[in-house]
Amino acid sequence: MRALHVLGRAIFGGFFAYNGINHLQHSAGMAQYAAAKGVPAAEQAVQATGVMLLAGGLSIMAGLKPRQGLAAIIAFLVPVSLQMHRFWEESDAQTRQTETIQFMKNMALVGAALTLMHGSDRPWPASIDSVRAADEEMFVRLGGRDLRALPA
């Protein structure tokens, strides 16, 4: 299960990290599309969301502060889905279908991120947080004694 968790994190987080890099590399073109969808300050919004995606994806992949990384992903997906993929407003059948698919894909990703939130309050297997926690434990315990319990 540990290997599956690490593989799943790499795939899930990698998806967001890749898209964050894509936002940053192609912000001018993406900003035009975002502006056409009614996003104010579109270029800055694309760059800011690119940073959110990259930071969230790397956080998930590395297991470094995953709760914050997942929150960044969710904070991106929900408003973007509601602003950019308004399938309910589309009259053209093909456009409606495309926007519905994009909206539902994003909602599935929100569901996956929410699922990963469970257990993100403790270090994930093979993560930076687990290594940091192990180092901390090494200094807190000495010879079976909990050094935190000693008087200062």
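Residues numbered from 1 in each chain as written. Predicted model: local features only at pLDDT ≥ 70, side-chain atom pairs only at ≥ 80, totals over all residues. Heavy atoms only, no water.

Trainee: Can you break down the pattern of salt bridges residue by residue, with the values?
Mentor: The full count for this structure, using the stated rule, is two salt bridges. With a closest N to O distance of 3.3 Å, glutamate 99 and lysine 37 form a salt bridge. Within this pair, whereas glutamate 99 is found in helix 5 (residues 93–117), its partner lysine 37 is found in the loop between helix 2 (27–36) and helix 3 (42–62), the two being separated by 62 residues in sequence. The exposure class of glutamate 99 is buried, given its relative accessible area of 7%. For arginine 86, the salt bridge identified is with glutamate 89, shortest N-O distance 2.9 Å. (Salt bridge = Lys/Arg side-chain N within 4 Å of Asp/Glu carboxyl O. Helix = DSSP H or I, 4+ residues; strand = E, 2+ residues; numbered from the N terminus. Buried < 20%, exposed > 50% of the residue type's maximum accessible area, 1.4 Å probe, protein only.)

Trainee: Can you lay out the packing of aromatic side chains for me, pointing to particular residues and giving the numbers?
Mentor: Evaluation of the coordinates by the stated rule reveals five aromatic pairs. A centroid spacing of 5.0 Å and a plane angle of 80° characterise the contact between phenylalanine 87 and tryptophan 88, whose relative ring orientation is edge-to-face. Look at tryptophan 88 and you get partly exposed, because its relative accessible area is 37%. Between the aromatic rings of tryptophan 88 and phenylalanine 103, the centroid separation amounts to 5.7 Å while the plane-to-plane angle is 90°, which identifies the pairing as edge-to-face. Of this pair, tryptophan 88 sits in the loop between helix 4 (66–84) and helix 5 while phenylalanine 103 sits in helix 5, and the two are 15 residues apart along the sequence. Taken together, the ring pairs in this structure connect Phe12, Phe15 and Phe16 into an aromatic cluster. (Phe/Tyr/Trp six-rings, centres within 6.5 Å; stacked < 30°, edge-to-face > 60°.)

Trainee: Could you give me a rundown of the nonpolar core, with the residues and numbers involved?
Mentor: Core analysis: the biggest nonpolar cluster contains 21 residues, and Phe12, Phe16, Ala34, Ile60, Leu70, Ile73 and Leu77 have the highest contact counts within it. Contributions of two or more residues to this core are made by helix 1 (2–25), helix 2, helix 3, helix 4 and helix 5. With seven residues, helix 4 is the single largest residue contributor to this core. (Core = buried A, V, L, I, M, F, W, Y, C linked by side-chain atoms within 4.5 Å.)

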